[in-house]
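# Topology and contacts: notes
Each chain, written out:
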Amino acid sequence: MVEQVTIVLPQFPRGFHLITHIIEDNLPALPEKGIVHIFIQHTSAGLTLNENADPTVRTDFETVFNRLVPESASNYIHTFEGLDDMPAHIKSSLVGQSVTIPISNHRLNLGTWQGVYLCEFRNYGGKRRIVMTIVS
Amino acid sequence: MVEQVTIVLPQFPRGFHLITHIIEDNLPALPEKGIVHIFIQHTSAGLTLNENADPTVRTDFETVFNRLVPESASNYIHTFEGLDDMPAHIKSSLVGQSVTIPISNHRLNLGTWQGVYLCEFRNYGGKRRIVMTIVS
Amino acid sequence: MVEQVTIVLPQFPRGFHLITHIIEDNLPALPEKGIVHIFIQHTSAGLTLNENADPTVRTDFETVFNRLVPESASNYIHTFEGLDDMPAHIKSSLVGQSVTIPISNHRLNLGTWQGVYLCEFRNYGGKRRIVMTIVS
């Protein structure tokens, strides 16, 4: 059985943001077991799972990703949408544009420290669309 | 319900290539909703989703990935298959070897700017096999 | 149809480890076709697919990931769990915390050279939990 829900996130500033609560609040009643596929329909943002407690982890993510994929004009041909655009595309493919999470006992079966991160790689990324598909 | 299709891509040169049309042309009629899992059976190539319009984005991807994982002999022990081999393995795990896309209204529910990239990390990677599984 | 199995791995040392045999030994009889989603419930380890033959590939993975995300105190705010902790979180999101593999003819349909890697990014990561979900 398949259920599907599309949501539009409010605009987030550039950075890594914990959105587990938004995901959970927008899912329908979950089946006893299965998987949920959470997919962002964009190429300059991403989704990943990581530490859900200490906010400095998200700050460090932003620092490290900026160091891995620096924003200097000399590095890129594709610059007409701004210097943050091409690095955003690369970062999006490094973290990926979807996460899949097991469902067990009618709940997302995340580990104790796992949360869903929205990775907003643009300075002004606008509202992002997410398609969630539950398979059971 | 599960359907599965295996395809063999023609040989592509090293680089990032938009293959959305090949994927779509080889999928059977899609269900109303579900997911499709697209899996490349190789460890020196990858699949990712990214910008489907401006070809300079794919050129910049090649430049950035070569900078992230440089091809110098002194960096690696595993070199007997050529200097492009070990970097290809690393890059393959950075982008990943599969993408999962939601199906909605009998179509791949990609965002406006999302396309499927074949990431060919070898100089002469040969023909690559892809297994597509539709779950609905 | 959905089946689900949770396993606890023995503690592995820091590094990349081939665990295909552990995965296969713990899966139930597989359906004719489908997918299996393999999910690690942690944020300082990861799962990826890569070369299953030459152990120097896994050694080179460890070297390259340490170079990509260096362990120096000046790079991070989040350091109170040790200098290996924050790099482990980043690496975990670079490789990802799950892999999905097609099932064909009642077997994991991996390519000839593909194996499942446990990526243990902590010096002392402890026992890691993995949730495997079979969808058919």
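All of these numbers come straight from a predicted model, not from anything done at the bench.

What counts, and where the lines are drawn
- Each chain carries its own residue numbering, running from 1 in the written order of its sequence.
- By the order in which they are written, chains take letters starting at A while ligands take numbers starting at 1.
- Restriction of local features to residues with pLDDT of at least 70 applies here, the model being predicted, together with a cutoff of 80 or more for giving and counting side-chain atom pairs; totals for whole chains, interfaces and linings are based on all residues.
- Only DSSP runs of H or I reaching four residues or more are called helices, and only runs of E reaching two or more are called strands; each is numbered from the N terminus.
- What the globule rule says is 2.2 Å times the number of residues to the power 0.38, and the radius of gyration is computed from C-alpha atoms.
- Comment: burial labels come from other C-beta atoms within 10 Å of the residue's own C-beta, placed from the backbone, where a count of 20 or more is buried, 12 or fewer is exposed, and between is partly exposed.
- Remark: residues whose backbone-derived C-beta atoms lie within 7 Å of one another are considered to be in contact.
- Copies are brought into register by a least-squares superposition over C-alpha atoms of residues with pLDDT of at least 70 in both.
- Polarity classes work like this: nonpolar for Ala, Val, Leu, Ile, Met, Phe, Trp, Tyr, Cys and Pro, charged for Asp, Glu, Lys and Arg, and polar for all others, with Gly in that last group.
- Pairing between strands is defined by DSSP: at least two bridges between the two strands are required.
- Axis definition: a line fitted to C-alpha atoms, over the contacting stretch in the case of helices. Angles run 0 to 180 degrees between N-to-C directions.
- Throughout, the term roughly parallel applies to angles under 35 degrees, roughly antiparallel to angles over 145, roughly perpendicular to angles from 65 to 115, and oblique to all others.
- Should the near helix be turned anticlockwise from the far one by less than a right angle, the crossing is left-handed, and should it be turned clockwise, the crossing is right-handed.

### Let's talk about the overall build of chain A
Scanning chain A for helices and strands turns up three helices and eight strands. Along the chain direction, N to C, the helices and strands of chain A fall in the order β-β-α-β-β-α-α-β-β-β-β. Relative to the 2.2 N^0.38 estimate, which gives 14 Å for 136 residues, the radius of gyration of chain A is 16 Å and therefore close to what a compact globule would have. Projected onto its principal axes, the C-alpha coordinates of chain A cover approximately 50 × 30 × 20 Å. Buried residues in chain A amount to 50% of all 136 residues. In chain A, of all internal contacts separated by at least 6 residues, the share reaching a separation of at least 24 is 84%.

### A short note on the relation of the copies chain C and chain B
Relating one copy of the chain to the other takes a rotation about an axis and a shift parallel to that axis. When chain C is brought onto chain B, the operation consists of a screw motion whose angular component is 120 degrees and whose axial shift is 0.0 Å, with 0.0 Å RMSD remaining. Look at the turn and shift together and you get a three-fold axis relating the two. Minimal C-alpha separation from the rotation axis in chain C is found for Leu94(C), amounting to 3.4 Å. Both copies present different contact surfaces, since only 18% of the interface residues of chain C are interface residues in chain B too.

### Overview of the interface of chain C and chain B
Contact with chain C, which involves 28 residues of that partner, is made by 26 residues of chain B. Every element with two or more residues in the side of chain C that touches chain B is listed here: β3 (33–40), β4 (45–51), α2 (55–68), α3 (85–95) and β5 (98–104) of chain C. No other element matches α2(C), which puts seven residues into the side of chain C that touches chain B. Partitioned by chemical class, the residues of the side of chain C that touches chain B number 12 nonpolar, 12 polar and four charged.

### Here we look at the sheet that holds strand β2 (residues 15–18) of chain A
Residue and element names in this part refer to chain A. The three strands are arranged β2-β7-β4 in an open sheet whose pairing can be described as antiparallel. Edge strands, defined here as strands with exactly one partner in the open sheet, are β2 and β4 (45–51). When the angles between neighbouring strand axes are averaged without regard to direction, this sheet yields 35 degrees. Two strands pair when backbone bridges link them, and β2 and strand β7 (residues 114–120) are joined in this way by four bridges, in the antiparallel orientation. The partner of Leu18 across the bridge, within β7, is Tyr117. Across the sheet, helix α2 (residues 55–68) lies against β2 and β4, angled at about 150 degrees from β2, the strand it touches most. Running at roughly 45 degrees to β4, helix α3 (residues 85–95) makes contact with β4 and β7 of the sheet.

### A closer look at the environment of Met86(B)
By the secondary structure assignment, Met86(B) is in helix α3 (residues 85–95). For Met86(B), a count of 28 C-beta atoms within 10 Å puts it in the buried group. Sequence separation of Met86(B) and Phe121(B) is 35 residues, and the distance between their C-alpha atoms is 9.7 Å. For Met86(B), the contacting residues outside a window of four places in its chain are Tyr76(B), His78(B), Thr79(B), Val57(C) and Asp60(C).

### Details of the packing of α3(A) against helix α2 (residues 55–68) of chain B
For the pair α3(A) and α2(B), interaxial distance at closest approach is 10 Å and the crossing angle is 70 degrees. In terms of their interaxial angle, α3(A) and α2(B) are classed as roughly perpendicular. The two elements α3(A) and α2(B) cross, and the hand of that crossing is right-handed. Here Met86(A), His89(A) and Ile90(A) of α3(A) come into contact with α2(B), specifically with Val57(B), Asp60(B), Phe61(B) and Val64(B). Considering only residue class, the contact of α3(A) with α2(B) consists of five nonpolar, one polar and one charged.

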